Amino acid sequence: IQSETLEKIKHTNDMKELQQIRVAILGKKGSLTSVLRGMGKLSKEERPVVGEIANAVRETITAAIDDKNKKLEQVALEAQLEKEAIDVTLPGRPVQIGGPHLLTKIVEEIEDLFIGMGFEVREGPEVETDYYNFEALNLPKDHPARDMQDSFYITNELLLRTHTSPVQARTMRSLDGNQPVKMICPGKVYRRDTDDATHSHQFTQIEGLLVDKNVRMSDLKGILDNFAKKMFGNDREIRLRPSFFPFTEPSVEMDISCKVCGGKGCSVCKKTGWIEILGAGMVHPKVLEMAGYNPKEYTGFAFGMGPERIAMLKYGVDDIRQFYTNDIRFLKQYHNA
Ligand code: PHE
């Protein structure tokens, strides 16, 4: 039994198998156990001799099993440590870090420029009343710009605002007619357009409004010139062209000199060398009056620009849909811009 068992112990590499060997020899029905049990049947002379041998065999086998068990435990431990080992010299895995959206950056940049010129930042609702979106801006009920085709109406009286200009009226209304106003308002606006490279049914505007005593058109021009140079560089020039908006009189559109291709010939500069970037004008006396200001005492100017357009010009983005489709490869390019 001893030599056979020791041989088996020697060749096993498995703790379960070792346990089976222990049971087969030393268990209740084990072969050595039955030898020890059979002792009673032996003669007086045989008993001590057989007993001594059987006990010695049991001790030898028990020791061999314990010894092997320890060895197997050690092997298992080493295997586990090896498996769980951490190589601290390996380079780390890069974590994907987000960043502000290009549009957010442009809006914040424009906000900062105007805050630097003493403007405060205001906000207004995106779901707007017909009154503030149109009526208070001198767009009476039958005005063609109120066409259902241009606006997303929710009810007869509610719509998604088509521009940020209602915030002009809201801001003046909140100030009971005898305080100067100097604010800008960034926000989302909505129009029923078919989306393409230059049109989006939802886009961003930044409105500006300055109302005080003795505000003149030259003040508007000075502020806009300062803005254009800070935004696009000191070598840029602006020009104002006559235009029409129901809520400003006179109304203008502002162009900025195009530097992308030396002024002429490319798709951005077209043939003229100028690019339109915003609409503006002197606040219409009727708009001041409806908001509670006396137009004989107060005058003001207002402007409205599209940050997408400005970002497109500044960074050469050729499709407005890029701002909204969230292609990480596009957005990432501007994280450090
Ligand atoms: N609200 C006008 C638009 O959306 C822009 C504008 C704002 C024009 C303020 C003049 C004054 O086109």
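Note that the structure is predicted; figures quoted are calculated from it, not measured.

How each quantity is defined
Residues numbered from 1 in each chain as written. Predicted model: local features only at pLDDT ≥ 70, side-chain atom pairs only at ≥ 80, totals over all residues. Heavy atoms only, no water. Helix = DSSP H or I, 4+ residues; strand = E, 2+ residues; numbered from the N terminus. Rg over C-alpha atoms; globule rule 2.2 N^0.38 Å. Buried < 20%, exposed > 50% of the residue type's maximum accessible area, 1.4 Å probe, protein only. Areas by Shrake-Rupley, 256 points an atom, 1.4 Å probe, with all protein chains shown as cover. Lys, Arg positive; Asp, Glu negative; His and termini not counted. Charge placed at Lys NZ, Arg CZ, Asp CG, Glu CD. UniProt positions renumbered as here; feature names shortened; annotations may be inferred. Contact = heavy atoms within 4.5 Å. Core = buried A, V, L, I, M, F, W, Y, C linked by side-chain atoms within 4.5 Å. Axes fitted to C-alpha atoms, helices over the stretch in contact; angles between N-to-C directions. Parallel < 35°, antiparallel > 145°, perpendicular 65-115°, else oblique. Nonpolar A, V, L, I, M, F, W, Y, C, P; charged D, E, K, R; others polar. Near = heavy atom within 4 Å. Polar contact = N/O pair within 3.5 Å; in protein donor to acceptor, adjacent residues only side chain to side chain. Salt bridge = Lys/Arg side-chain N within 4 Å of Asp/Glu carboxyl O. Pairing = 2+ DSSP bridges. Patch = residues over 30% accessible without salt bridge, like charges linked within 9 Å, V, L, I, M, F, W, Y side chains within 5 Å.

1. Notes on the overall build of the protein
Okay, so step 1: Counting secondary structure elements, the protein contains 11 helices and nine strands.
Okay, so step 2: By the compact-globule yardstick of 20 Å for 337 residues, the protein is too spread out, its C-alpha radius of gyration being 43 Å.
Okay, so step 3: Seen along its three principal axes, the alpha-carbon backbone of the protein occupies a region of about 140 × 50 × 35 Å.
Okay, so step 4: Residue burial in the protein is summarised as follows: out of 337 residues, 39% are buried.
Okay, so step 5: For the protein, the accessible surface area stands at approximately 19700 Å², while carbon and sulfur atoms represent 53% of it.
Okay, so step 6: Seen as two clouds, the 46 positive and the 49 negative side-chain charges of the protein have centres 4 Å apart.

2. What about the UniProt feature "binding site: Mg(2+)" (unreviewed entry) in the protein?
Okay, so step 1: Those residues carrying the UniProt feature "binding site: Mg(2+)" (unreviewed entry) are Glu249 in this numbering.
Okay, so step 2: Mapped onto the elements, Glu249 comes out in strand β7 (residues 248–257).
Okay, so step 3: For Glu249, a relative accessible area of 45% gives the class partly exposed.
Okay, so step 4: Non-local contacts of Glu249, meaning those with residues more than four positions away in its chain, are made with Met282 and His284.

3. Let's talk about the nonpolar core
Okay, so step 1: Residues Ile110, Phe114, Phe227, Phe303 and Met305 are the most contacted members of the largest nonpolar core, which totals 43 residues.
Okay, so step 2: Elements with a contribution of two residues or more to this core: α5 (102–116), β5 (202–212), α8 (217–232), β7, β8 (274–283), β9 (299–305), α10 (307–315) and α11 (328–332).
Okay, so step 3: Beyond its immediate stretch of four places on either side in the chain, Phe303 contacts Phe114, Ile184, Ile206, Glu207, Gly208, Leu220, Leu224, Leu278, Gly279 and Ala280.
Okay, so step 4: Core analysis: the second largest hydrophobic core is formed by 20 residues, Leu175, Val181, Phe247 and Val283 among them.

4. Here's the deal with the packing of helix α1 (residues 2–11) against helix α4 (residues 46–84)
Okay, so step 1: Put simply, α1 and α4 touch, their axes get as near as 10 Å, and they point 0 degrees apart. Regarding the angle of α1 to α4, the classification is roughly parallel. Contact residues: Gln2, Thr5, Leu6, Ile9 and Lys10 in α1; Val57, Thr60, Ile61, Ala64, Ile65 and Lys68 in α4.
Okay, so step 2: Classifying every residue of the contact of α1 with α4 by side-chain character gives six nonpolar, three polar and two charged.

5. Focus on the site of the ligand
Okay, so step 1: Around the ligand, the structure places 14 residues, and the nearest of them are His163, Ser165, Arg191, Gln205 and Glu207.
Okay, so step 2: A distance of 2.9 Å separates an oxygen atom of the ligand from a polar side-chain atom of Gln205.
Okay, so step 3: When the free accessible area of the ligand is taken as 320 Å², the share hidden by the protein chains comes to 89%.
Okay, so step 4: Looking at the shell around the ligand, the elements with two or more residues in it are β5, β8 and β9.
Okay, so step 5: If you tally residues by element for the shell around the ligand, the top one is β9, at three residues.
Okay, so step 6: Across the shell around the ligand, the residue classes break down as five nonpolar, seven polar and two charged.

6. A look at unusual backbone geometry
Okay, so step 1: For the peptide bond that leads from Glu249 to Pro250, omega is -5 degrees, which places it in the cis range.
Okay, so step 2: With respect to the helices and strands, the residue Pro250 is situated in strand β7.
Okay, so step 3: Positive phi is not limited to glycine here, since Asn214 has a value of about 65 degrees.
Okay, so step 4: Position of Asn214 relative to the elements: it lies in the loop between β5 and α8.
Okay, so step 5: A relative accessible area of 66% places Asn214 in the exposed class.

7. Here we look at the pattern of salt bridges
Okay, so step 1: All chains considered together, the criterion is met by 15 salt bridges.
Okay, so step 2: Here Glu135 ties to Lys141 by a salt bridge, and the two come within 3.9 Å at their closest N and O atoms.
Okay, so step 3: Since its relative accessible area comes to 27%, Glu135 is described here as partly exposed.
Okay, so step 4: For Arg329, the salt bridge goes to Asp327, with nearest N and O atoms at 2.7 Å.
Okay, so step 5: Look at Arg329 and you get exposed, because its relative accessible area is 64%.
Okay, so step 6: Residues participating in the shared-partner salt-bridge network are Asp130, Glu135, Lys141 and Glu157.

8. A closer look at the sheet that holds strand β6 (residues 238–245)
Okay, so step 1: The seven strands are arranged β1-β4-β5-β9-β8-β7-β6 in an open sheet whose pairing can be described as mixed. Because the sheet does not close on itself, it has two edges, and the strands there are β1 (120–121) and β6.
Okay, so step 2: Here five bridges tie β8 to β9, and the two strands are oriented antiparallel to one another. Bridging across to β9, Gly279 finds its partner in Gly304.

9. A short note on the environment of Trp274
Okay, so step 1: Tracing the chain through its elements places Trp274 in strand β8.
Okay, so step 2: For Trp274 and Ile256, which are 18 residues apart along the polypeptide, the C-alpha to C-alpha distance reads 5.5 Å.

10. A few points about a nonpolar patch on the surface
Okay, so step 1: On the surface, a cluster of nonpolar side chains totalling about 230 Å² of accessible area is made up of Val127, Ile154 and Leu158.
Okay, so step 2: Assignment of secondary structure puts Val127 in strand β2 (residues 127–129).
Okay, so step 3: A residue is classified by how much of its surface remains accessible, and Val127, at 43% relative accessible area, is partly exposed.

11. Topic: a negative patch on the surface
Okay, so step 1: On the surface, Asp147, Asp150, Asp193, Asp195 and Asp196 cluster together to form a negatively charged patch.
Okay, so step 2: Among the structural elements, Asp196 can be located in the loop between β4 (181–190) and β5.

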